[in-house]
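Overview (structure and organization)
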Amino acid sequence: MTVGRRLVAFGIVMLAVAASIASMAGLAPRPAAGAPPATVDYVVVAGAAGLRWDDLDPARTPALWRAADRGSIGWLSVRSAKRPTCPVDGWLTLGAGNYAAWDGERVTGACPVTDPNIGVPDNIGANIPAQQTVVRYNQDRQPYGTVPGALAESVRCTVAVGPGAAVAAARPFGRVDRYEPDLPADAALRPLLASCVVSVVDLGEVVGDGPARQRRVAAVDAQLARVQAARPANSLLLVGGVADTGVPSRLHLAIADGPGWEGGWLTSGSTGRTGYVQLVDLAPTALTALGRTLPERRFTGKPATTEPGRPTDLAEAISGDRDADRRAGTQRAVSTPFFLTLAAVQFLLYLLVVPLMVRARRHAGPTGPAAPPRRLMTAVEVALVAAALAVPAALVADALPWWRAGWPGAVFGATTLLLAAAGAAAVRLSPRFPRTLWPMGIVATAGTLIVGADVLTGSRLQLNGVAGYSTLEGNRYAGVGSVGLGVLVGCLLIVAGWAAQTVRRGWRPLVVVALGGIGVVMIGSPFLGADPAGAIAVTAGVCIAAAVSTGGWLTFPRVAWATMAGLAVTAGFAVIDLRRPEAEQGSLARILTALADGTAGPALNRAAAANANALLNSPLTVIAVVGGLMIAFAQFSPWGGLQRLFGLHPAVRAAAAGTTVATLMAGALGGAALEVAGAAATVVVPLAALTALRVLDHAADRTRPLDLDADPPLPEVAAAAMTGRAPAAVGPSAGRVVAREDAAGPEGVAVPKAGATSKGEAGSQARAGSEGEAGSEGETGSRAELESTMEADAKDEATLQAPPDTKLKGRPKGEDPTKAAGVPNAAGVSNAAGVSNAAGVPDAAEVPDAAEVPKAAGERKTASAPKAATAPKSAKPSKSAKNPRPAKPPTPKTGGAPAAGAQANPDAPTKGATAPEPATRDADALSAPGDAAEPGRDNPDPTRRPTPRR
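Among the nonpolar cores identified, the biggest contains 95 residues, and Met 357, Phe 412, Leu 485 and Ile 523 are the most heavily contacted of them. With 14 residues, the top contributor of residues to this core is helix H25 (residues 675-698). If you look at the next biggest cluster of nonpolar residues, it comprises 47 residues, including Ala 126, Leu 151, Trp 261 and Ala 289.

This is the structure:
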């Protein structure tokens, strides 16, 4: 491709990227999340560590039930700077509006009892001596930049009732403005709650199980009833289960009862999911309800709002299929075993595939080892398809309420297995299954459609799903998760490569960018994928894939264009994200803002800590390593087959390169380490192994044995039979290999046609193998050309098998048959004008006649210098040249005895034996009209030689 055409191609890429940015800009305005409630005069925050929705009952907890039924409700994630979030950590996080921890003590069971050592120097307030130490610990040892006491610092006065409330209401230097260790009498409680605009009440802890837990919940409900009766007018009551009481973590209740909060679902900008809020959202919610301005860069949480759509029956809203706490807990218990099992199954499949690859590559016709049984090959292919469909099937299985079953893990595993098996059977029964790239393309299409449909409909399958993300972790509540991102990127780029392989080279970058741009918009849109960092990574992968989709290496100009496109998309995302309201800005805008004001250190520390945690604790790391080893073997081993696949289908190679770049970048930028790459490997690596195995199987040598009863062959044919080099064709089939029935033979070397140029279809195979391309700009790839090639080969065979008189008919008497145009002579020199043989020897027009060569001392006359401006003379035909015996193609006979005097050959076909059936054409030659249609296309490795029968 010329420089001009390359510039045109990259111009198209840039236009497509610009169109993607424009489309994304149209999607940028986030839909209204519900009107902000009216402001109030007072806010009362009442918390109880360990309180969950399944603790509520209309008879045992009337106050809690009444507040939830009247107000807005949601599921509260109590993530803090330490896991699990023990009570003291939860209260500290509530008062900071950011992830905080009291100390670095590791908790493996029940949370220890922590005494904050509250001092009461007077009868008004209190003091916490350890507060300053806690502030320094969070500033120096935690990566969140947390300032404990930020809520108290934002208002003039706060009230705290109980030890937990004192931790939340304490200022950074430890002072609590108004403090009571317990709820006072009703007469004193009302003026106490009205003395400050913000009051924090510790209702106690809920621990244990059974009747003991119910008694604690009843006590909490009684305390809340007194607070409800004494709360000031025009006030907002926020109730939450502010912490866990041990491992494992759970989702807790959140209630907002006040003017403008009637009968809805709680949500916030930090979760982006209806019905979910975080513990860090309570402080900014309180300040926003009071009409106060949020402190700059102090709160990680976002103000909560209310949205309509909640069922009128409270029991229906918090139980059954909407029981998020039960579903999230079950998902956490099933997710790790599922991915570890998948890693083991895929590893065993790869161990089975490797010997098949080696055996398929070493197959060398009748004298070589037998090819693997066809049934075994089909079974392995179907198993690889099922393995690639495992994660998409798991996403579909999450649509069913398997987590409500008595044995949820077994039910989920059986459902996923049935769905994957059904998908593999559908692929196998497809009429196009024998095509080389069909299984890879159709499975990738299915994965793209499943994940894409889920993202477009709100990512409901990924929410608390085994193949999604858990709200218990507190990292993501909406959009596309690490697993979904990996599957979507890998499948989408494979589909782009598969589609690009069916068009001409000049259009391939446009196809890749068009499909990749759809993925960028879906992933980066704030109300679809909601992952700007992932969109930037996918943009880089799409640019790389588009740059190499036409074949060749990743040169500096291609890298430069890809970098420019990536920077353009990144700038577009940054502008869109920065223009959104601060409460709705994504991670990209927050990072850029932090870089601008010099406070990016905590953000970088958080990303590094998240990457380290994911790398060491995620089962997807195992899948990424196993898949990487399999890809390395298939790429760099002589019998791996992946290099051959990439040479035949350069657009598929581009898709693989783009997937690698995008998934690794997305994991690093999103704090997921190898999770995204591991999720992509669950689909991409089995499909790559399947397709590479098919290419190797199609490349197996099927050279027919020589016919020992036929007339002696010409010297060049005999030499080819001994050395394994394919002889040149005769007559109209010049430029095609006729010693094999496979026109796109993987082991033959195509002989150029007379007068062929560098743009011909029979170019250097060595160049095609190294460039990843098997042809030039002039390839057509039509099936009609292949059929005409087969007809020409059949005519050549009929000509060669005719009687000697017939074959010599029409030839001038005495003419040497080896001097016919396009036929090499005994020395292996072709005499066609302007054509040289493989060794670069000049044609017959430049070779002197043997009769004009002077004798050297004691030697026969064998060579001389050519005469100037004189055509070479033809030597007098020898006796053997009068009745030449042209060679027959190596066509087996069904019977007959060897010629007299011939040595017996145990491998020769005997009378009554059945000759080998002609090999079919390589399926790779029909899979891509732009690359694999010309003769000799399926042979990127010209050094291989067929093993003839002697």
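Take the state of the cysteines next. All chains considered together, the criterion is met by two disulfides. With a sulfur-sulfur separation of 1.7 Å, Cys 157 is cross-linked through a disulfide to Cys 196. Taken as a pair, Cys 157 in the loop between helix H5 (150-153) and strand S4 (158-161) and Cys 196 in the loop between helix H7 (186-194) and strand S7 (198-205) lie far apart in primary sequence, 39 residues in all. Numbered by position along the chain, the disulfide-linked cysteines of the protein connect as 1-2, 3-4.

Now for a nonpolar patch on the surface. A grouping of Phe 347, Leu 348 and Leu 351 is seen on the molecular surface, where their side chains present a nonpolar patch of about 310 Å² in accessible area. Within the secondary structure, Phe 347 is located in helix H11 (residues 324-362). Residue class for Phe 347 comes out partly exposed when judged on its relative accessible area of 40%.

Moving on, we come to helix H22 (residues 620-636). Compared with an ideal rise of 1.5 Å per residue, which puts 17 residues at 24 Å, H22 spans 24 Å between its outermost C-alpha atoms and is within 8% of the ideal. Listed as buried for H22 are Leu 620, Thr 621, Ile 623, Ala 624, Val 626, Gly 627, Met 630, Phe 633, Ala 634 and Gln 635.

In this section: the pairing of strand S8 (residues 235-240). Most of S8 sits out of view: six of its six residues are buried. Alternating positions in S8 separate into two faces, Ser 235, Leu 237 and Val 239 on one and Leu 236, Leu 238 and Gly 240 on the other, with burial throughout. In terms of strand pairing, strand S1 (residues 42-49) meets S8 through six bridges, oriented parallel. In the sheet register, Ala 46 faces S8, and the bridge partner there is Val 239. With four bridges connecting them, S8 and strand S9 (residues 252-257) associate as antiparallel partners. Following the sheet pairing, Gly 240 is matched in S9 by Ala 254.

A few words now on the confidence of the model for the protein. For the protein, per-residue confidence averages 75 on the pLDDT scale, and 66% of positions sit at 70 or higher. The lowest-confidence element of the protein is helix H27 (residues 765-771), averaging 37 in pLDDT; the highest-confidence one is helix H13 (residues 390-397), averaging 96. Note on residues 18-35: pLDDT under 50 across the span, and 29 contacts to partners over four residues away in sequence or across chains. Below pLDDT 50 for its whole length, residues 701-710 participates in 43 contacts with residues either more than four positions away or in separate chains.

This part takes up the packing of H13 against helix H14 (residues 408-428). Axis angle and axis distance: for two packed helices, these are the angle between their axes and the distance between the axes, and together they describe the pair. Relative to each other, H13 and H14 sit at 125°, their axes nearing to 8 Å. One element, H13, and the other, H14, form an angle in the oblique class. The element H13 and its partner H14 pack so that their crossing is right-handed. Mapping the contact onto sequence places Ala 390, Ala 393, Ala 394, Val 396 and Ala 397 in H13 and Phe 412, Thr 415, Thr 416, Leu 419 and Ala 420 in H14. Grouping the constituent residues of the contact of H13 with H14 by class yields eight nonpolar, two polar and no charged.

Once that is clear, we can look at the environment of Val 652. Within the secondary structure, Val 652 sits in helix H24 (residues 650-669). In this structure, the C-alpha to C-alpha distance between Val 652 and Ala 688, residues 36 residues apart in sequence, is 9.5 Å.

So, about helix H12 (residues 374-388). In this model, H12 (15 residues) spans 21 Å end to end at C-alpha, consistent with the 21 Å of a helix rising 1.5 Å per residue. Within H12, burial applies to Met 377, Thr 378, Val 380, Glu 381, Leu 384, Val 385, Ala 387 and Ala 388.

All right, on to the environment of Gly 301 then. Note that Gly 301 resides in the loop between helix H9 (282-289) and strand S12 (304-307). Residue Gly 301 is classed as buried on the basis of its relative accessible area, which comes to 4%. Sequence separation of Gly 301 and Gly 269 is 32 residues, and the distance between their C-alpha atoms is 8.0 Å.

Turning our attention to the packing of helix H2 (residues 62-70) against helix H8 (residues 210-230). Contact pair H2 / H8: the axes reach a minimum separation of 7 Å and the direction vectors enclose 55°. As the angle between them shows, H2 and H8 are arranged oblique. Packed against H2, whose contacting residues are Pro 62, Ala 63, Leu 64, Arg 66, Ala 67 and Arg 70, the element H8 presents Asp 221, Leu 224, Ala 225 and Gln 228 at the interface. For the contact of H2 with H8, the class distribution of residues is six nonpolar, one polar and three charged.

Following Arg 83, the chain continues to Pro 84 via a peptide bond in cis, the omega torsion being -5°. Topologically, Pro 84 is positioned in the loop between strand S2 (72-77) and helix H3 (87-96). The linkage connecting Val 247 with the following residue, Pro 248, adopts the cis geometry, with an omega of -5°. Of note, the phi angle at Ser 459 is positive, near 55°, even though the residue is not glycine. When you line up the elements, Ser 459 lands in the loop between helix H15 (438-456) and helix H16 (482-500). Phi angles above zero are rare outside glycine, and Ala 530 is one such case at about 55°. Along the polypeptide, Ala 530 turns up in the loop between helix H17 (508-524) and helix H18 (532-548). A relative accessible area of 28% places Ala 530 in the partly exposed class.

On to the side chain of Thr 330, then. If you trace the backbone, Thr 330 turns up in helix H11. On the basis of relative accessible area, Thr 330 is assigned to the buried category, the value being 13%. Among residues more than four places away in sequence, those in contact with Thr 330 are Trp 402, Trp 403 and Pro 408.

The rules behind each value
Residues numbered from 1 in each chain as written. Predicted model: local features only at pLDDT ≥ 70, side-chain atom pairs only at ≥ 80, totals over all residues. Heavy atoms only, no water. Core = buried A, V, L, I, M, F, W, Y, C linked by side-chain atoms within 4.5 Å. Buried < 20%, exposed > 50% of the residue type's maximum accessible area, 1.4 Å probe, protein only. Helix = DSSP H or I, 4+ residues; strand = E, 2+ residues; numbered from the N terminus. Disulfide = S-S within 2.5 Å. Patch = residues over 30% accessible without salt bridge, like charges linked within 9 Å, V, L, I, M, F, W, Y side chains within 5 Å. Areas by Shrake-Rupley, 256 points an atom, 1.4 Å probe, with all protein chains shown as cover. Salt bridge = Lys/Arg side-chain N within 4 Å of Asp/Glu carboxyl O. Expected span 1.5 Å × (residues − 1). Pairing = 2+ DSSP bridges. pLDDT = per-residue confidence, 0-100. Contact = heavy atoms within 4.5 Å. Axes fitted to C-alpha atoms, helices over the stretch in contact; angles between N-to-C directions. Parallel < 35°, antiparallel > 145°, perpendicular 65-115°, else oblique. Left-handed = near helix turned anticlockwise from the far one by under 90°. Nonpolar A, V, L, I, M, F, W, Y, C, P; charged D, E, K, R; others polar.

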